[in-house]
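Coordinate analysis (summary)
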Amino acid sequence: MAKRQSFADKVGKKAQATICPVCNQPVEYVKVVDPTYAAAKSSWKFKEKLVGICKCNEKDILA
């Protein structure tokens, strides 16, 4: 069985969030998938990477 998570555990996890030094907002990590076409194999490849997003770089990454 899974361990039951209490409200105090949830609040404690939120307090460990990384803060952006530029805009003082919490950084959320999002998986960004970049499709690229491999002409040699005539197929699509997908590059996955985790990117930290906050208010100051949100428009650049999600646009």
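Conventions adopted
- Residues numbered from 1 in each chain as written.
- Predicted model: local features only at pLDDT ≥ 70, side-chain atom pairs only at ≥ 80, totals over all residues.
- Heavy atoms only, no water.
- Phe/Tyr/Trp six-rings, centres within 6.5 Å; stacked < 30°, edge-to-face > 60°.
- Buried < 20%, exposed > 50% of the residue type's maximum accessible area, 1.4 Å probe, protein only.
- Pairing = 2+ DSSP bridges.
- Helix = DSSP H or I, 4+ residues; strand = E, 2+ residues; numbered from the N terminus.
- Disulfide = S-S within 2.5 Å.

**A closer look at the packing of aromatic side chains**
Under the criterion given, the structure shown has 1 aromatic pair. Here the aromatic rings of Tyr-37 and Trp-44 are separated by 5.3 Å at their centres, their planes lie at 65°, and the arrangement is edge-to-face. Taking relative accessible area as the criterion, Tyr-37 reaches 49% and is therefore assigned partly exposed. Overall, Trp-44 belongs to the exposed group, its relative accessible area being 53%.

**Some words on the pairing of strand β1 (residues 28-38)**
Sheet faces and side chains relate simply in a regular strand, where the side chains alternate between the two faces. Bridge count between β1 and strand β2 (residues 43-53): 11 bridges; the pairing is antiparallel. Bridge pairing in β2 links Val-32 to Lys-49. Here β1 folds back onto β2, and the loop between the two strands holds 4 residues, one of which, Ser-42, carries a positive phi near 55°.

**Considerations on the state of the cysteines**
Under the definition given, this model contains 0 disulfides. The thiol sulfur of Cys-23 is not disulfide-bonded, and the nearest other cysteine sulfur, from Cys-20, lies at 3.7 Å. Here Cys-56 stays unpaired: no disulfide links it, and the sulfur of Cys-54, its closest cysteine neighbor, is 3.1 Å away. With relative accessibility at 42%, the residue Cys-56 sits in the partly exposed group.

By themselves, these figures tell us nothing about what the structure is for.
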